[in-house]
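Breakdown of the fold
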Amino acid sequence: MSLTKGADGLAELLGQVTGFIYPNEIEVHWSILIVVYPYVTGLVAGAFILASLVKVFRIKEVQPTYRLSLLTALAFLLIAPLPLLLHLSQPQRFYEILLTPNPTSAMAMFGFVYAWYLMGVLLLEIWFEYRRDLIELAQTSRFPLNWVYRVLSLYSKDTSEASLAFDRKATQVITIIGIPSAFLLHGYVGFIFGSVKANPWWGSVLMPIVFLMSAIVSGIALVILIYMVRAGVRGEPIDMPCLDRITSYLFYAVIVDFSLEALDFVHRLYQSEESVKILGSLITHKLFMSLWVVQILLGMFIPLGILVLAKACGFGAELRKLLYFTAVILIQIGIFATRWNVVIGGQLFSKSFRGLTTYKMEVMGIEGLLAALVLLALPFVVLYVLLKLLPTEGPRGKALSGATSTARTV
Amino acid sequence: MNKREFLKGAVVFIPAAGVLGAVARHAAGKETAAKEPAAKQPAAAPNAKNGYEPSAHYYGMGIDIDKCIGCNLCAVACKVENDVPDEPFYFRTWVERYTITRDGEVSVGNISLGTAREPMREPVQDAREVVRTFFVPKLCNQCQKPPCVQVCPVNATFTTQDGVVIIDAERCIGCRYCIQACPYGQRYLHPKTRVADKCTFCLHRLVKGLQPACVEVCPTQARIFGDLRSHASRLVRFRRLNKLHVLKPQLNTDPKVYYANLDGEVR
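Basis of the calculations
Residues numbered from 1 in each chain as written. Chains lettered and ligands numbered in written order. Predicted model: local features only at pLDDT ≥ 70, side-chain atom pairs only at ≥ 80, totals over all residues. Helix = DSSP H or I, 4+ residues; strand = E, 2+ residues; numbered from the N terminus. Buried ≥ 20, exposed ≤ 12 C-beta atoms within 10 Å, placed from the backbone. Contact = placed C-beta atoms within 7 Å. Pairing = 2+ DSSP bridges. Axes fitted to C-alpha atoms, helices over the stretch in contact; angles between N-to-C directions. Expected span 1.5 Å × (residues − 1). Bend = angle between axes of the 7 residues up to and from the residue. Core = buried A, V, L, I, M, F, W, Y, C linked by C-beta atoms within 7 Å. Parallel < 35°, antiparallel > 145°, perpendicular 65-115°, else oblique. Left-handed = near helix turned anticlockwise from the far one by under 90°. Nonpolar A, V, L, I, M, F, W, Y, C, P; charged D, E, K, R; others polar. pLDDT = per-residue confidence, 0-100.

**Brief notes about the overall build of chain B**
- Each helix and strand counted, chain B has 8 helices and 11 strands in total.
- Counting only residues that meet the buried cut, chain B has 40% of its 267 residues in that class.
- When contacts within chain B are restricted to residue pairs at least 6 apart in sequence, those whose partners lie at least 24 apart make up 61%.

Next up, the structure:
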């Protein structure tokens, strides 16, 4: 049989189908790029929630990670639309989604939710937070950087006490608006999956909440990871009270996340609907490694154990650092597996509930492993540039922002 | 007007004209897209010779399971008529075969996976064990509450006035949300056009007063096509004379493909 171009990879999958599937279901349409998308968006929301702990809940210990969290959120948010764009089979028409969105489509709301979060929340908060620094940097740095800072500060020159007070007020207000916005951003991604009634693995009212909680887990873990690596690279001491505090939050977030997932699982098992048999065979065969081993064991139980150990045993700072570091890396892998299990897992069983198919990931193609790795690495490149441009300490090498900047300006 | 004023005006006018032009073009494009079936098929224009008026029709299909002999002609005719790729994983319609044995075991196969001459029909192991066996033709259910239309981010898929869910291939961005949302697995991404594709009830034939290809070739009249608005239609008669069922009614999609003598095992 002559194969149509683009179909050659699918023919070999025919032999790997177990049971009966509808014929068009052999192709897994949402590939690894769609796994990367909710993973990256989740990191944005989580990092922002961590930043908001400082501003809204006034938790002073977490201050050293405040600016880092904001810039991490921005770096990942800037990359977040890329996997979506690359995944479209007609990417040159992406603008249709912005110009003529279908109001009943959850996906069509992406442009609005994204634009609001980027422009209405994150950029605004970062601008107010950095305005004073930008003015000072514009004065102290050399050409052409001084012009870059001048433009970034939007030619603002006012460093009077009143204007700084306004900056502080503004970041406070924006953060308060930002928390529900971050919830919206990631809850919305969960809704894209949760609202698909045709798919029992996705269609659950808990989906947006589970997405949100796992987003908070992954975002906090990522900021800890970046904070520790950065301190190591720059040879700076790690602020241990800060690290202890954040890892406590991480611990509670993992517990809540796990409880929600467990509730979802027990609920499905107890209700035992039409789909329970095929979903059972999905999680015991196709998803055994990625769900039970990677997501639950490596991504939740072991890091929880490590965190308990680190908190309860009164180890020294060095050992605690090592334990925290291991835990956050495992948690990252676990949350990536969570996204994988939702996105790919939801496409591995037939909607006839009578059979399973297989996902064979490309390596080189635009929807392949390599593209996914590049997309996962890109935010770190963006973050590197952002951190070069917008130092997390003030221009004079002092810890700035929040509590300390208040002290200085008084 | 001096030179300075002229240049000032030009600086504002050129980009403004560009933006307005693009917006106007886009608005015009939307208009034609909404009339896609009519625009593509000159015969479909209301004032065309045959006077086809979309709003005067509302199409559906009936399928009598007891009449289907599993010859697979419908699936083959559909591929030929609609340029559906040959591979056994692109279908606008296909035929499933159900075999239910005495111990309650249900085995399902897709006879359309074979070729036109040799539909894929594996022999039953022990015929004495079989209690029921039957064929089920499947196609887009042309739902009245289509989840695929609900989720399309760009309105590329929509319901026509005559009740057919179709796809505008020039608008589809290939996000494949519709494929995920269809409970019946009816949609696929066309490997050549790289946009979503599915059964259209052969709308291009309907506007010429013809039947869908699958209905036309069916030797046993297991597929009954008709206009739900016309009292004289065969489909209306079929609906009056049979006890009917639709697929996955619990999902509230309101299909317009009605099955007579359907077994509860069919999903």
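**Topic: the overall build of chain A**
- Counting its secondary structure elements, chain A contains 15 helices and 2 strands.
- In terms of principal-axis extent, the alpha carbons of chain A reach across some 75 × 55 × 35 Å.
- The buried share among the 410 residues of chain A stands at 44%.
- Counting contacts in chain A only where the partners sit at least 6 residues apart, residues at least 24 apart contribute 79% of the total.

**Considerations on the sheet that holds strand E2 (residues 93-101) of chain B**
Residue and element names in this part refer to chain B.
- The strand order across the open sheet built from 3 strands is E3-E2-E4, with neighbouring strands paired in antiparallel fashion. In this open sheet, the two strands that pair with only one neighbour each are strand E3 (106-110) and strand E4 (130-139). The average angle at which neighbouring strand axes cross in this sheet is 20°, direction not considered.
- Taken together, the 5 bridges between E2 and E3 define a ladder with antiparallel strand orientation. The residue bridging Tyr98 from the neighbouring strand is Val108, located in E3.
- Where helix H3 (residues 73-82) meets the sheet, it contacts E2 and E4, and its direction lies at approximately 160° from that of E2.

**Describing helix H8 (residues 161-194) of chain A**
- Compared with an ideal rise of 1.5 Å per residue, which puts 34 residues at 50 Å, H8(A) spans 48 Å between its outermost C-alpha atoms and is within 8% of the ideal.
- Remark: the principal bend of H8(A), roughly 30°, maps to A:Gly178, with a proline, A:Pro180, within the next four residues.

**Section: the nonpolar core**
Residue and element names in this part refer to chain A.
- If you look at the biggest cluster of nonpolar residues, it comprises 173 residues, and the most contacted ones within it are Val44, Ala73, Val217, Ile220 and Ile224.
- Among the elements that take part in this core, helix H2 (residues 32-55) stands out by supplying 18 residues, more than any other.
- Excluding its chain neighbours within four sequence positions, the residues that come into contact with Val217 are Gly46, Leu250, Ala253, Val254, Asp257, Ile331 and Ile335.

**As for the pairing of strand E1 (residues 59-64) of chain B**
Residues and elements named next belong to chain B.
- Among the 6 residues that make up E1, 6 are buried, leaving the element largely enclosed by the rest of the structure.
- What you see with E1 is no split at all: Tyr59, Met61 and Ile63 on one side and Gly60, Gly62 and Asp64 on the other are buried throughout.
- Here E1 pairs with strand E9 (residues 223-227) via 5 bridges, running antiparallel. Directly across from Tyr59, in E9, lies its bridge partner Asp227.
- Note that E1 and strand E11 (residues 257-260) share 4 bridges and pair parallel.

**Regarding the environment of B:Gly264**
- Here B:Gly264 shows up in the segment after E11.
- Between the alpha carbons of B:Gly264 and B:Leu247 there is a distance of 9.7 Å; along the sequence they are 17 residues apart.

**Re the interface of chain B and chain A**
- Contact residues are listed per partner, giving 44 residues for chain B and 43 residues for chain A.
- Looking at the side of chain B that touches chain A, the elements with two or more residues in it are helix H1 (3-34), E3, helix H4 (147-151), helix H5 (177-181) and strand E7 (188-189) of chain B.
- With 4 residues, the top contributor of residues to the side of chain B that touches chain A is H5(B).

**Notes on the environment of B:Glu53**
- Among the structural elements, B:Glu53 can be located in the loop between helix H2 (36-40) and E1.
- Sequence-wise, B:Glu53 and B:Ile179 are 126 residues apart; in three dimensions their C-alpha atoms are separated by 30 Å.

**Some remarks on unusual backbone geometry**
- Residue A:Pro144 is bonded to the preceding A:Phe143 through a cis peptide linkage, with omega at 0°.
- The residue A:Pro144 is located in the loop between helix H6 (110-140) and helix H7 (145-152) in this model.
- Even without a glycine there, the phi angle at B:Arg194 is positive, about 60°.
- Positive phi outside glycine occurs at B:Asn252, with the angle close to 55°.
- Among the secondary structure elements, B:Asn252 is positioned in the loop between strand E10 (244-245) and E11.

**Some thoughts on the packing of helix H9 (residues 207-234) of chain A against helix H13 (residues 317-343) of chain A**
Residues and elements named next belong to chain A.
- In contact at an axis separation of 9 Å, H9 and H13 are set at 140° when each is read in the N-to-C sense. As summarised for this structure, H9 and H13 are arranged oblique, according to the angle between their axes. Viewed along their axes, H9 and H13 form a crossing whose handedness is left-handed. Contact with H9, carried on its side by Ser214, Val217, Ser218, Ala221, Leu222, Ile224, Leu225 and Met228, involves Lys321, Tyr324, Phe325, Val328, Ile329, Ile331, Gln332, Ile335 and Thr338 of H13 and no other residues of that element.
- Across the contact of H9 with H13, the residue classes tally to 12 nonpolar, 4 polar and 1 charged.

**Quick notes on the confidence of the model for chain A**
- Averaged over all residues, the pLDDT of chain A is 92; the fraction at 70 or higher stands at 94%.
- Taken together, the stretch residues 396-410 of chain A has pLDDT below 50 and engages in 17 contacts with residues farther than four places along the chain or on a different chain.

**Re the sheet that holds E11(B)**
- In spatial order, the strands read E9-E1-E11-E10 (chain B); together these 4 strands make up an open sheet with mixed pairing. The open sheet is flanked by E9 and E10 of chain B, the only strands paired with a single partner.

**Regarding the packing of helix H12 (residues 288-312) of chain A against H13(A)**
Residue and element names in this part refer to chain A.
- At a minimum axis separation of 8 Å, H12 and H13 run at an interaxial angle of 155°. Relative to H13, the element H12 is oriented roughly antiparallel. Crossing of H12 over H13 shows left-handed handedness.
- Partitioning the contact of H12 with H13 into residue classes produces 19 nonpolar, 7 polar and 1 charged.

**Here we look at the confidence of the model for chain B**
- Averaged over every residue, the pLDDT of chain B is 88; the share at 70 or more is 87%.
- Predicted confidence is poor over residues 30-47 of chain B, with pLDDT under 50, and the contacts of this stretch with residues over four places away or in other chains come to 22 contacts.

**Structural notes on H12(A)**
Residue and element names in this part refer to chain A.
- Of all the bends found along H12, the most pronounced is centred on Leu297 and spans about 45°.
- Among all positions of H12, only Leu291, Val294, Gln295, Ile296, Gly299, Met300, Pro303, Ile306, Leu307 and Ala310 are buried.
- Those residues of H12 that are buried lie in contact with helix H10 (240-271), helix H11 (276-286) and H13.
- The first or second residue beyond H12 is Gly314, which carries a positive phi of 60°.

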